[in-house]
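Remarks on the overall topology
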Amino acid sequence: MASRLPIAVAPAGHETAVSYVTRLSTLHGMPFAELWHQVSRPRTGGGTARFIAGERLAAVTGLPETTLAHALVELRRPEPDWLAYRHEPQHGGPRCTARHLGGPVLQVLPHHRYVCTRHRIWIGPPDLLDLPYPTLDELPDVVAAQRAHLPLLHRLGPVATYDAVLTGFLICGHRWDQDTDHPNDARVAWSERADILIPAGTEDTTFSTSRLFAATYPEAVKVAALIGSLHWRRLAADGPNGQRRFATEIGRRLGESDYRPRIAQDPIAHWIEQDCWQPPSLPKTTYRAPRGTSGTTAAKPNQQSIDRNRRSATWFARNRRGGRVILYHRHLGPVLVRDWSTPMDLFTDTVTASADTGEFRAAATQHPTGIDTHGITAEYLRPVPAPSKHLATAINPVPWPTRATSHSPPVQEQPAQRKVFAHKAILRT
Ligand SMILES: [Zn+2]
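Here we summarise the structure given alongside this text.

What follows covers the overall build of the chain. Scanning the chain from N- to C-terminus turns up 19 helices and 6 strands. Within the chain, the proportion of its 429 residues that are buried is 42%.

Here it is as structure tokens:
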């Protein structure tokens, strides 16, 4: 048995085992691999990968196994609901983790953590790891949105909340790139928040897609409260009167008081047509899936993601609209290409298609609503309720749906691979 390390260091909450062992090895001037060998064991059933072992880590650190398991997400028993956690580790908030010595703390956070409300710092979604997290001192509504997000968890459960907030971002992203002449439209607020987070002219150093998510987060949560609610989903899936009530309420939350769904270029109409009557969407993968209970590879920003960030910064500097970049970010993958999404060859097409698919328009035009189906401003209205087995029986909290196939590829970073992934995802249907 390995001997006990002299410097006592506790793990941070939600910290990964690799992050903790890396800090311990740094503080003791030991090679990581040597210490990892002492505190891990091979998984039963073979293979060369080694997994963190609670009792060995307890012996080496002198901390009770229960204390370690409380903090280290991979040691928790029973295992956490991995679907409710992000699949990528990310840096902890700088002030929350400042007292944890030995290097950066990497955490696996649950999907609902976007803001450190205590220190008013934007922490999610995971992005380039080397970028400092922005402060929200000047953006109290973004901090308030985190406080509004948490009650959704209790009301709707983690599954509906996860799907609803991502769908909220998707709707905001689509709308941001469209023009508005409403002075109260949320798009005006997104631009103003972006001006604070990424001041014009500083895009080279301040840009990150994560900050664009921050700019839309308040409305994403407001919209999510409807998207995740069975009551409002049933109205959206209902006949014309229900749809109109839903449209009025979602329009109000987005600052467009006279909003009516349109048959083209409208992510809300698309959601009403294709998604509102379906169960929530699942993450494409989990932290546990690609690497077992723990692995020894901490995510690092690679050259491709740095290049992509630079291209996005240039794009954003040109038009100061964040929609396109938000929609292309892997954070929205699970709701951009859903399990039942209409077949598309390329991921790039899917972005356009989720606002304006040929199938969607065809479906809308077949309906005898008497609307002008050729103009893109024509109103979308489904004349009859969408028959839905899911909505007929669903109660809160909705459970994670089971995928028909065991297909769950890791979400890829590179655009080329993401296209392949999107292609595979739709072949499943
Ligand atoms: Zn903090």
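The subject of this paragraph is the packing of helix α5 (residues 140-176) against helix α11 (residues 267-274). At a minimum axis separation of 9 Å, α5 and α11 run at an interaxial angle of 140°. In terms of axis orientation, α5 runs oblique to α11. Of the residues in α11, those in contact with Thr 167, Leu 170, Ile 171, His 174 and Arg 175 of α5 are Pro 267, Ile 268 and Trp 271. By residue class, the composition of the contact of α5 with α11 is 5 nonpolar, 2 polar and 1 charged.

Looking now at unusual backbone geometry. With omega at -5°, the peptide bond leading from Gly 124 into Pro 125 counts as cis. The step from Asn 396 to Pro 397 runs through a cis peptide bond, and the omega angle for that step is -10°. By secondary structure assignment, the location of Pro 397 is in the loop between α18 (389-393) and α19 (415-427). One non-glycine residue, His 14, lies in the positive phi region at around 65°. Looking at the secondary structure, you find His 14 in the segment before α1 (17-27). Positive phi is not limited to glycine here, since Gln 265 has a value of about 55°. If you trace the backbone, Gln 265 turns up in the loop between α10 (240-253) and α11.

A few words on α1. Counting buried residues in α1 gives 9 out of 11 residues, a clear majority hidden from the surface. If you follow the buried residues of α1, they end up packed against α2 (32-39), β2 (50-52) and β4 (106-107). Among the residues trailing α1, Gly 29 stands out with phi positive, at a value near 60°.

Glancing now at α5. Here α5 is 37 residues long, yet its end C-alpha atoms lie only 21 Å apart, well below the 54 Å a rise of 1.5 Å per residue gives. Extensive coverage of α5 is indicated by the burial of 26 of its 37 residues.

Generally speaking, nonpolar side chains in soluble globular proteins are found buried as a group. Grouped together as the largest cluster of nonpolar side chains are 69 residues, with contacts concentrated most on Val 142, Phe 169 and Ala 224. If you tally residues by element for this core, the top one is α5, at 16 residues. Other than its neighbours up to four places away in sequence, Phe 169 contacts Phe 213, Thr 216, Ala 220, Ile 326 and Leu 332.

Rules and cut-offs
Residues numbered from 1 in each chain as written. Predicted model: local features only at pLDDT ≥ 70, side-chain atom pairs only at ≥ 80, totals over all residues. Helix = DSSP H or I, 4+ residues; strand = E, 2+ residues; numbered from the N terminus. Buried ≥ 20, exposed ≤ 12 C-beta atoms within 10 Å, placed from the backbone. Axes fitted to C-alpha atoms, helices over the stretch in contact; angles between N-to-C directions. Parallel < 35°, antiparallel > 145°, perpendicular 65-115°, else oblique. Contact = placed C-beta atoms within 7 Å. Nonpolar A, V, L, I, M, F, W, Y, C, P; charged D, E, K, R; others polar. Expected span 1.5 Å × (residues − 1). Core = buried A, V, L, I, M, F, W, Y, C linked by C-beta atoms within 7 Å.

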